[in-house]
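Each chain is listed here by its residues.
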Amino acid sequence: MQTVKYLARNSGFLFLNGIATNILSFFAMLYIARHLGPEDYGIFSFAFAFIYFFSFIPDMGVHQILVREAAKEPGKAGKLIGNGTIIKFFLSFVAIILAFILINLIGFPSSTKNALYIASLGLLISGTGAYGIIYEAKLRMEYSLLFNLVSRVCLLLFVFLAVAINSTLNTFIFASVSATFVHNLLMVLFSKKLVKVSFNPDITLIKQLLREAIPIAIASVFTVVYFKIDVLMLSFLRGDAEVGFYSAAYRLTDALVFLPSAFTTSTFPLMSRYFKDSFNSFSFAYARTFKYLFASGLLIAVLVTFASEKIILIFYGPEYQNSVIALQILIWATAITFISVLISSTCVSSGNQQIISKTAILAALLNVSLNLILIPSTGYIGAAVATVLSVLGSMVFGLIWVHKNLLHENPLKGTISPIIGAGVVSLFIILLEPYADIMFLSAVSVPLFAAVLYTTGWIDSDDKTIFLKLFPASRLNSKNL
């Protein structure tokens, strides 16, 4: 149970990190979107989507292998970070050179080309990413919270200043890159408190890391394709305005991915140790995580679907009215991602990282094929549908593999009660929406959903034990009652 407390503490910092940094990032992007308008905001989004296609190169899947190995053997963390940084810096230079070559080969307008050059500077900054493993492996994510808060505050200040002086598109792109630099600089400086980094190259270790990371690198390539190809295809086939509408909705849904990522980032080092030392603990951690992520993802998807118009109008204004339907579709891709993130973490922690490369390839092929079919006729709506179907396909494949080859449990266990709860919440909102504000109904729906889970027995004795151990005051009150 002490491990559960460490996990809760670490997850708590990650959730605060996600909430705070996503709020700050969202307001920064909101100011950028409103200042630039749909067309220039489309170029802004396109620039980072294009560079994102090269972002897997500086990592090549090495990061997760570094975290896994540092969690298993903490004494090697300094050596792992040093050799990981050597790998990442070399690959960062490869990435930026390839990006520059492709930018010049494609006949982009000069405004788009300049935006791409500035955005590509972020590839060099990613060379210091190996330093992040020490905070994950040692479950010290309060540092990550600090780094992200400072960098996001800097981004917001940069954006405020740029808006105040009526800056152009390129200034906002440079502000985003600068905020990333601030984050990584802090990550390097504070690492000295936790580990002494050794930069003595170990060719054997470097080869081992790269060999272990190959399946994750392959998965990264295809993950980049199925997450970002829609923006590029929209830009080429339908124009920058549709990219702006789509990206406005995508930005909102993407901001929610920190929720499953926070939890699985905390559980990953533990599950890596559990798989080696205690398979029962490994299975228990997976089952609880699946249960909580499925329920929370489903509830979020239902509430955002009903409140999408209000959300778009509040944050973006009537100019982005066309983004409403994109948000209603894309939020379901986010809900599916709640489980996909867990599947990926489970496969890597158990040494089966080759499976995530297969799921990523499947998703990429589905997404490209569906985008080619749907975007020419339905534009950004078709792109949103393609994203949902491709993420769903990869999730189903991964889920079946995990439960057939690793855990041998019913993959649908624990899903019935949340589905019933989602149905009750949907009916509640449909009946009362003409008479009450949708945001009020959404807030009331959360305890209603929890009540359904409790009355149907979804919240079992293990859940109650975990809650009482985490919150002793609740245990004391329950005894007094």
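Up top you'll find the structure we're talking about.
Residues numbered from 1 in each chain as written. Predicted model: local features only at pLDDT ≥ 70, side-chain atom pairs only at ≥ 80, totals over all residues. Heavy atoms only, no water.

A. Region of interest: the environment of Ile229. Among the structural elements, Ile229 can be located in helix H9 (residues 203-237). With a relative accessible area of 15%, Ile229 lands in the buried category. When the C-alpha atoms of Ile229 and Asn371 are compared, they prove to be 8.4 Å apart, with 142 residues separating the residues in sequence. Aside from chain neighbours lying at most four places away, what touches Ile229 is Phe53, Val224, Asn367, Val368 and Asn371. (Helix = DSSP H or I, 4+ residues; strand = E, 2+ residues; numbered from the N terminus. Buried < 20%, exposed > 50% of the residue type's maximum accessible area, 1.4 Å probe, protein only. Contact = heavy atoms within 4.5 Å.)

B. Region of the structure containing helix H13 (residues 323-349). For H13, which comprises 27 residues, the first-to-last C-alpha distance of 38 Å matches the rise-based estimate of 39 Å (1.5 Å per residue) to within 8%. At Thr337, H13 shows its maximal kink, close to 30°. Counting buried positions along H13 yields 23 of 27 residues, so the element is predominantly enclosed. Directly after H13, the chain includes Gly351, whose backbone phi takes a positive value near 80°. (Expected span 1.5 Å × (residues − 1). Bend = angle between axes of the 7 residues up to and from the residue.)

C. Seen up close, helix H10 (residues 240-254). In this model H10 runs 20 Å from its N-terminal to its C-terminal C-alpha over 15 residues, within 8% of the 21 Å that 1.5 Å per residue would give. Summarising burial for H10: 11 of the 15 residues are buried, a large majority. All of the buried residues along H10 are Glu242, Val243, Gly244, Phe245, Tyr246, Ser247, Ala248, Ala249, Tyr250, Leu252 and Thr253.

D. Just the side chain of Glu242, in detail. Within the secondary structure, Glu242 sits in helix H10. Here Tyr380 takes part through its backbone nitrogen, which lies 3.0 Å from a polar atom of the side chain of Glu242. (Polar contact = N/O pair within 3.5 Å; in protein donor to acceptor, adjacent residues only side chain to side chain.)

E. Summary view of the nonpolar core. Core analysis: the biggest nonpolar cluster contains 137 residues, and Phe44, Phe50, Tyr246 and Tyr316 have the highest contact counts within it. Among the elements that take part in this core, helix H1 (residues 2-52) stands out by supplying 16 residues, more than any other. Sequence-distant contacts of Phe50, defined by excluding residues within four places in its chain, comprise Leu102, Ile103, Ile106, Phe108, Leu116 and Leu232. (Core = buried A, V, L, I, M, F, W, Y, C linked by side-chain atoms within 4.5 Å.)

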